[in-house]
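Notes for the structure review
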Amino acid sequence: MVGDAPRDAHLVLAHPITPPWPAGHELAMVGMGCFWGAEQIFWQMPGVWTTFAAYAGGDVPDPDYALVCTGTTGHAEVVGIVHDPAAAPFEDLLAAFWENHDPTQGMRQGNDVGPQYRSIILTTTAAQHEAAHASRERYQAALDAIGAGRITTEIVELQDYYLAEDVHQQYLARNPFGYCNHGFCQAAYPR
């Protein structure tokens, strides 16, 4: 992690949102539109130790929300997911990722338009990278079966990430009726 100083504990899970993580846990990172609702999807999953909202995939150091929203930094709004692979396998995280947004929309997600809302998986291990590519192929086959579009999701190795501002962390825990455009999208993820 680069950028901001350590933050308080997760509002729901009560674990730190900054390293070090517990032994045996891995960091997964995905972008699927606005990070508010996406983070909630993952903090509710068994085996997830903590989650956080962040910016990743860009090339400007230490961006903030206003700068990312200009669409000029290359960053996406992402969710960091620290999980125990034995209790929350990466494949389960991928299933939640694919099923809860529309990965065919390019630089948008619903009414949220811009590169910061693109669909992206930022891998932290070689095994994650391989699994992400295989899952994209499987999900594309499921979309093809219902006549849906082509997946535009990027799969890249995570370089740097920057924690989003405190107001964005666990946003829907702070604002239970806040904006969320996530939910089951087009097709079930094939196992």
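Structural data are supplied above this passage.
Residues numbered from 1 in each chain as written. Predicted model: local features only at pLDDT ≥ 70, side-chain atom pairs only at ≥ 80, totals over all residues. Heavy atoms only, no water.

Side note on the pairing of strand β7 (residues 154–157)
The test is simple: Between any two strands, pairing holds if DSSP finds at least two bridges. Secondary structure follows DSSP: runs of H or I at least 4 residues long count as helices, runs of E at least 2 residues long count as strands, and numbering of each begins at the N terminus. Whether a crossover is right-handed comes down to one check: with the strands pointing away from the viewer, does the path from the first strand over the helix to the second run clockwise; if it does, it is right-handed.
Pairing between strand β6 (residues 119–123) and β7: four bridges, direction parallel. Residue Leu-122 lies in a different strand from β7, and its bridge partner there is Val-156. Regarding topology, helix α4 (residues 126–145) serves as the crossover connection from β6 to the parallel β7, and that connection is right-handed.

Re the sheet that holds strand β3 (residues 76–83)
Paired through backbone hydrogen bonds, the strands of a sheet run either parallel or antiparallel to each other. For clarity, the cut-off: Every axis corresponds to a line fitted to the C-alpha atoms, with the helix fit spanning only the stretch in contact, and the corresponding angles, defined between N-to-C directions, vary from 0 to 180 degrees.
One open sheet holds the six strands; their spatial order is β7-β6-β1-β3-β2-β8, and the pairing between them is mixed. Each having just a single partner strand, β7 and β8 (161–163) make up the two edges of the open sheet. The average angle at which neighbouring strand axes cross in this sheet is 35°, direction not considered. Pairing between strand β2 (residues 48–56) and β8: three bridges, direction antiparallel. From the neighbouring strand, Tyr-55 faces β8, where its bridge partner is Tyr-162.

What to know about the packing of helix α3 (residues 90–99) against α4
Packed helix pairs are specified by the crossing angle of their axes together with the interaxial distance, meaning the distance between the axes. Basically, it comes down to this: For classification purposes, angles smaller than 35 degrees are called roughly parallel, those larger than 145 roughly antiparallel, those between 65 and 115 roughly perpendicular, and all remaining angles oblique. A crossing counts as left-handed when the near helix is turned anticlockwise from the far one by less than a right angle, and as right-handed when that turn is clockwise. It only takes one pair of heavy atoms within 4.5 Å for two residues to be counted as in contact. Gly falls in the polar group here, along with every residue not listed as nonpolar (Ala, Val, Leu, Ile, Met, Phe, Trp, Tyr, Cys, Pro) or charged (Asp, Glu, Lys, Arg).
Closest axis-to-axis distance for the α3/α4 pair is 10 Å, and the angle between their directions is 40°. Regarding the angle of α3 to α4, the classification is oblique. The handedness of the crossing between α3 and α4 comes out as right-handed. Residues Phe-90, Glu-91, Leu-94, Trp-98 and Glu-99 of α3 touch α4, and the partners they reach there are Gln-128, Ala-131, Ala-132, Ser-135, Arg-136, Arg-138 and Tyr-139. Grouping the constituent residues of the contact of α3 with α4 by class yields six nonpolar, two polar and four charged.

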